[in-house]
Amino acid sequence: MRFTFAGTEYPGCEGETLAAALVRNGVLGGFHSLYRNRPRGVYTAGEEEPNALVQIGARPLLRATLVELEDGLVAEPLAGKGRLVAVPDETRYDTIHAHCDVLVVGAGRSGVAAAEAAAGRVILVDAGRGAAGLSRTWVVGLYDDNYAVAVEAERRVWRIRAKRIVLATGAIERPAVYPDNDRPGVMLAGAFERYGRPAGATPVSGGWSPRVHLWSQARGRLRWDDRVGAPVPDGELRGIECVGSVTGEGLPDAPAFALPDGDEDAMFVDLERDSTVADVRRAIGAGLRSVEHVKRYTTIGTGSEQGKLANVNAICVAAELLQVHPDELGTTTFRPPYLPVSFALLAGRDRGPLFDPARVTPIHPAHLAAGAVFEDVGQWKRPRFYPHAGEDMDAAVRRECAAARESVAKMDASTLGKIDVQGADAVEFLNRMYTNAFDSLAVGRCRYAVMCKPDGMIFDDGVVMRVGEQRFVCTTTTGNAAPVLAWMEEWLQTEWPELRVWLTSLTEQWATVAVVGPDSRALLAGLTRIPLDRGAFPFMAIRGGAVAGIPARVCRISFSGELAYEVNVDGRRGLELWQSLDATPYGTETMHVLRAEKGYPIVGQDTDGTVTPQDLGMDWIVSAVKADFVGKRSFTRADTARPGRKQLVGLLPADRIREGTQLVADPGSTAMLGHVTSSYDSVALGRPFALALVKSGRERIGETVYADGIAAEIVDSVLYDREGARRDGRPA
Amino acid sequence: MILIPCPWCGDREETEFSCGGQAGVPYPSDPVALSDEEWAKYLFFRENPRGPFRERWVHTHGCRRWFELTRDTVTHEIHVRRD
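Conventions and cut-offs
- Residues numbered from 1 in each chain as written.
- Chains lettered and ligands numbered in written order.
- Predicted model: local features only at pLDDT ≥ 70, side-chain atom pairs only at ≥ 80, totals over all residues.
- Heavy atoms only, no water.
- Helix = DSSP H or I, 4+ residues; strand = E, 2+ residues; numbered from the N terminus.
- Rg over C-alpha atoms; globule rule 2.2 N^0.38 Å.
- Buried < 20%, exposed > 50% of the residue type's maximum accessible area, 1.4 Å probe, protein only.
- Contact = heavy atoms within 4.5 Å.
- Areas by Shrake-Rupley, 256 points an atom, 1.4 Å probe, with all protein chains shown as cover.
- Pairing = 2+ DSSP bridges.
- Buried area = accessible area lost by both parts, 1.4 Å probe.
- Salt bridge = Lys/Arg side-chain N within 4 Å of Asp/Glu carboxyl O.
- Polar contact = N/O pair within 3.5 Å; in protein donor to acceptor, adjacent residues only side chain to side chain.
- Domains from an automatic or database assignment.
- Patch = residues over 30% accessible without salt bridge, like charges linked within 9 Å, V, L, I, M, F, W, Y side chains within 5 Å.
- Lys, Arg positive; Asp, Glu negative; His and termini not counted.
- Charge placed at Lys NZ, Arg CZ, Asp CG, Glu CD.
- Arc of directions from axis to C-beta.
- Axes fitted to C-alpha atoms, helices over the stretch in contact; angles between N-to-C directions.
- Parallel < 35°, antiparallel > 145°, perpendicular 65-115°, else oblique.
- Left-handed = near helix turned anticlockwise from the far one by under 90°.
- Nonpolar A, V, L, I, M, F, W, Y, C, P; charged D, E, K, R; others polar.
- Disulfide = S-S within 2.5 Å.

Draft legend 1. Examining the overall build of chain A more closely. Scanning chain A from N- to C-terminus turns up 16 helices and 40 strands. The C-alpha atoms of chain A give 35 Å as radius of gyration, which overshoots the globular expectation for 732 residues (27 Å, by more than 25%). Along the longest, intermediate and shortest principal axes, the C-alpha atoms of chain A span 105 × 60 × 60 Å. Counting the 732 residues in chain A, one finds 55% classified as buried. Sequence separation of 24 or more characterises 61% of the internal contacts of chain A that already satisfy a separation of 6 or more. Carbon and sulfur atoms form 51% of the exposed surface of chain A, whose accessible area is close to 30,600 Å².

Structure below.
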């Protein structure tokens with residue numbers, strides 16, 4: 001077997017680590033330190049390695065002491081930092097979720113004994129190759145309620161819930177602190193033995209520190225143990241126990257810690273961070289006492305090695321310099337992960353669409369075929385516009401708007417949330433949830449409705465259809481479908497359990513197509529026997545019947561001001577419905593322009609959780625008759641009722657202005673009057689226009705404000721067809 | 001990540017739940033009768049103790065039922081009232 005390190009090829013053996021192979025080939029140096037560029041070499045035989053860091057292909061910052069040799073392996077030495085490679089890690093990583101009665105961490109003598117004595121399902125993990133149980137596996141994080149995250153061979157994450165955890169994590173040998181203790185060839189005595197006493201190497205040892213990291217991660221306390229010269233676990237944790245040398249048991253007595261004479265700037269405390277005794281002395285000179293502060297000042301223990309070697313010595317050095325007992329300085333808190341873990345490994349297969357699934361409507365294939373440009377609305381992919389050859393978005397939107405205003409256009413509205421509300425108390429329930437009243441809503445009719453939070457601020461809006469005496473369908477905004485259902489459930493379960501009401505999400509069961517424009521009636525007339533003339537099918541009415549041979553529920557709702565029908569069918573037949581409608585498809589951008597021309601606000605765009613219905617000029621939607629509904633009491637709160645609140649108005653700017661722009665009274669002022677919430681170019685108006693929230697906006701109609709230096713006249717928010725003449729079709 | 005005992009489903013991962021904050025803050029029976037201060041207290045003021053805290057939780061990604069439990073905000077120890 002051959003491998004390459006720093007451009008030189010070496011022979012290797014099966015089952016060796018890269019570090020072992022380097023040392024066996026006589027490479028005792030080969031590395032350099034991060035800040036001082038001092039020559040360094042393999043220092044340990046384990047995961048605490050501070051010097052021998054390598055990059056292998058796209059994988060940065062690997063420890064040569066953990067890398068298993070493979071034929072043809074190419075490793076580059078790193079000085080403390082890896083390189084991100086601009087190609088995705090395509091390795092397939094796995095995740096296993098496991099439950100057990102006992103998790104034993106460490107397969108040394110104590111760990112194996114604990115595992116053998118344990119009853120029930122036992123998982124034993126160990127870092128060693130060929131160890132008992134799960135080998136080459138590190139528990140990197142220990143969290144609440146005995147939740148352990150372990151990494152097996154850098155390929156698989158184990159997420160383990162254990163009833164009981166036994167920590168048999170052993171101890172780590174400490175470096176000795178003396179001048180030039182970082183020279184290549186200096187290595188810990190244990191590593192020296194493991195590597196077969198390599199010629200030219202110097203073994204050192206400063207004693208042994210219990211490997212208390214996982215105990216500390218699980219919020220176990222530590223106390224200083226004078227005999228081993230290091231912190232040991234203290235107190236108790238529910239369901240976690242320590243056995244063997246992690247408790248300090250069986251470890252040799254530590255040599256008394258003493259600083260030798262010599263150059264303190266060459267006595268390394270943290271090899272990876274290049275921090276020395278001189279750095280600790282500076283920290284103490286700056287007045288720092290707690291070891292946590294010394295750590296932050298010197299950066300000791302903040303490298304990828306995370307202080308496995310350095311932390312105890314840092315405490316010893318600081319205590320020596322301050323002439324205090326180490327216990328007085330406290331200990332550092334160990335936090336996950338115990339070892340560096342790549343994001344790709346943690347993510348496992350939850351990447352791309354498996355992490356963030358795309359939701360598409362049943363009509364999606366038609367949008368793709370039509371070359372739609374999509375936008376993300378929550379997880380939904382919604383067509384934003386449908387460009388013809390050579391069209392940019394502005395050109396496509398102008399054409400789509402013109403079709404909706406002058407002939408007939410269609411939009412996929414299937415993403416709107418739909419909640420089925422049923423039960424004897426459904427009317428009472430809706431009366432409490434929405435600001436308006438539903439007692440008088442007849443079966444077969446629908447009503448625009450607004451929902452507030454108890455603070456009186458608008459939460460969502462939609463249309464409530466009464467489809468039966470005790471049955472309603474409420475639509476929600478696309479992004480709020482799940483939150484509105486959860487909100488309704490919360491009130492029903494926790495405040496009004498006496499109401500006989502049942503809620504069901506129908507969002508994905510129905511497909512909805514809005515058929516919009518003065519010719520929409522004529523288009524539908526060719527596809528249905530439902531009487532469509534104005535008298536038979538008035539505005540805000542609901543009719544059932546076949547459309548293009550598909551059973552449908554048709555509502556006369558308009559979000560554009562034009563004559564319009566929303567056709568709802570079984571989701572599985574949505575595509576068929578769409579394809580049978582000979583109309584110009586339009587996307588969300590055109591929808592936004594059409595509704596803004598009519599001054600219809602979009603919750604979440606023109607509102608932001610600080611806006612009441614009154615602020616939007618929609619006092620008419622707030623029932624004055626109902627004794628109470630969610631939000632009502634807040635409308636008379638001093639802050640909600642005060643003059644000077646921001647109100648929704650229209651703007652006629654001299655040029656296009658950007659959404660979010662601050663509005664000021666004169667170009668030199670910085671005192672904010674409000675901000676632009678929506679801004680578009682309008683074919684119907686022949687000019688740019690905007691919607692904005694402006695302090696006392698309705699009193700300022702006629703005044704001029706400035707957006708980024710562009711003058712804009714404040715006008716009423718309804719800019720198109722103020723009389724509503726087009727609602728029933730092309731005016732005669 | 002703590003384990004939360006859903007009264008309907010048993011112990012489940014914290015990520016399946018949403019916390020509804022302090023329990024025992026009912027919607028006032030007659031909000032109109034309250035002063036602005038009393039109403040503001042209902043809207044905006046909640047306890048934030050160190051130690052045992054009665055909380056509302058909902059099993060959002062499970063049975064979607066609301067329930068109450070007592071959680072120690074320091075140790076995360078949980079006690080469910082079975083009534």
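Alright, that's what it looks like, and here's the rest.
Draft legend 2. Broad picture of the environment of A:Gly285. Relative to the helices and strands, A:Gly285 is located in helix α5 (residues 277-285). Residues A:Gly285 and A:Leu322, spaced 37 residues apart in sequence, show a C-alpha to C-alpha distance of 9.8 Å.

Draft legend 3. The arrangement of the pairing of strand β6 (residues 59-63) of chain A in detail. All names here are of chain A. The sheet contact formed by strand β5 (residues 53-56) and β6 spans three bridges and is antiparallel. Counted as the bridge partner of Val54 is Leu62 from β6. Between β5 and β6, which pair antiparallel and follow one another directly, the connecting turn spans two residues, one of which, Gly57, has a positive phi of 60°.

Draft legend 4. Representation of the interface of chain B and chain A in the model. The partner chain A presents 25 residues to the 24 residues of chain B that form the contact. Roughly 2,200 Å² of surface becomes buried between chain B and chain A when both sides are summed, with 47% attributable to carbon and sulfur atoms. Taken as a group, B:Met1, B:Tyr27 and B:Trp66 account for 29% of the area that chain B buries against chain A, more than any other trio of residues on that side. Where chain B touches chain A, the interface holds four salt bridges. One salt bridge in this structure joins A:Arg633 and B:Asp36, with 2.7 Å as the shortest N-O distance. Taken together, chain B and chain A are joined by 14 residue pairs in polar contact (both at pLDDT 80 or more).

Draft legend 5. The environment of A:Val149, seen in detail. Residues and elements named next belong to chain A. Among the secondary structure elements, Val149 is positioned in strand β11 (residues 147-152). Spatially, the C-alpha atom of Val149 lies 9.0 Å from that of Arg161, the residues being twelve residues apart in sequence. Setting aside anything within four residues of it in sequence, one finds Val149 in contact with Trp138, Val139, Val140, Gly141, Tyr143, Val157, Trp158 and Arg159.

Draft legend 6. Representation of the domain arrangement of chain A within the structure. What the domain assignment reports for chain A is domain 1 (2-77), domain 2 (88-168 + 208-254 + 333-355), domain 3 (364-414 + 510-594), domain 4 (417-505) and domain 5 (643-732). Summarising the inter-unit geometry, the C-alpha centres of domain 4 of chain A and domain 5 of chain A are found 32 Å apart.

Draft legend 7. Representation of a negative patch on the surface in the model. A contiguous patch of negative charge on the surface is contributed by A:Asp392, A:Asp394, A:Asp655 and A:Asp681. Judged by its relative accessible area of 35%, A:Asp681 falls in the partly exposed class.

Draft legend 8. Representation of helix α2 (residues 109-117) of chain A within the structure. Residue and element names in this part refer to chain A. Where α2 is concerned, the buried positions are Gly111, Ala114 and Ala115. For α2, the angular spread of the buried residues around the axis is 100°, confining them to a single face. Facing away from the buried surface of α2 by more than 90 degrees, the exposed residues are Arg109, Glu116 and Ala117.

Draft legend 9. Looking closely at the sheet that holds strand β28 (residues 471-476) of chain A. All names here are of chain A. Taken in spatial order, the five strands of this open sheet run β26-β27-β28-β25-β29, and their pairing is antiparallel. At either end of the open sheet lies a strand with only one pairing partner, and these are β26 (446-452) and β29 (502-505). Sheet twist, expressed as the mean angle between neighbouring strand axes with direction ignored, is 30°. In this structure, strand β25 (residues 417-422) lies alongside β29, joined through four bridges in antiparallel fashion. The partner of Gln422 across the bridge, within β29, is Trp502.

Draft legend 10. Structural detail: the packing of α5(A) against helix α6 (residues 291-298) of chain A. Residues and elements named next belong to chain A. Closest axis-to-axis distance for the α5/α6 pair is 9 Å, and the angle between their directions is 120°. One way to sum up the angle between α5 and α6 is to call them oblique. Considering the relative orientation of α5 and α6, their crossing is right-handed. For the pair α5 and α6, contact is made by Asp279, Val280, Arg282 and Ala283 and by Val294, Tyr297 and Thr298, respectively. Class assignment for the residues of the contact of α5 with α6 results in four nonpolar, one polar and two charged.

Draft legend 11. Representation of the state of the cysteines. All names here are of chain A. On inspection of all chains with the given rule, the structure shows zero disulfides over all chains. Left without a disulfide partner, Cys100 is nearest to the cysteine sulfur of Cys242, which lies 16 Å away. Residue Cys474 stays outside any disulfide, its sulfur separated by 11 Å from that of Cys446, the closest cysteine.

Draft legend 12. Spatial organisation of the sheet that holds strand β36 (residues 662-664) of chain A. Residues and elements named next belong to chain A. Read once around its circumference, the closed barrel built from six strands follows the order β35-β38-β37-β36-β39-β40, with strand pairing classed as antiparallel. Strand-to-strand twist of the sheet, defined as the mean angle between neighbouring strand axes without regard to direction, takes the value 45°. Against the sheet, helix α15 (residues 588-597) contacts β37 (672-682) and β38 (687-695), and its axis sits at roughly 120° relative to β37.

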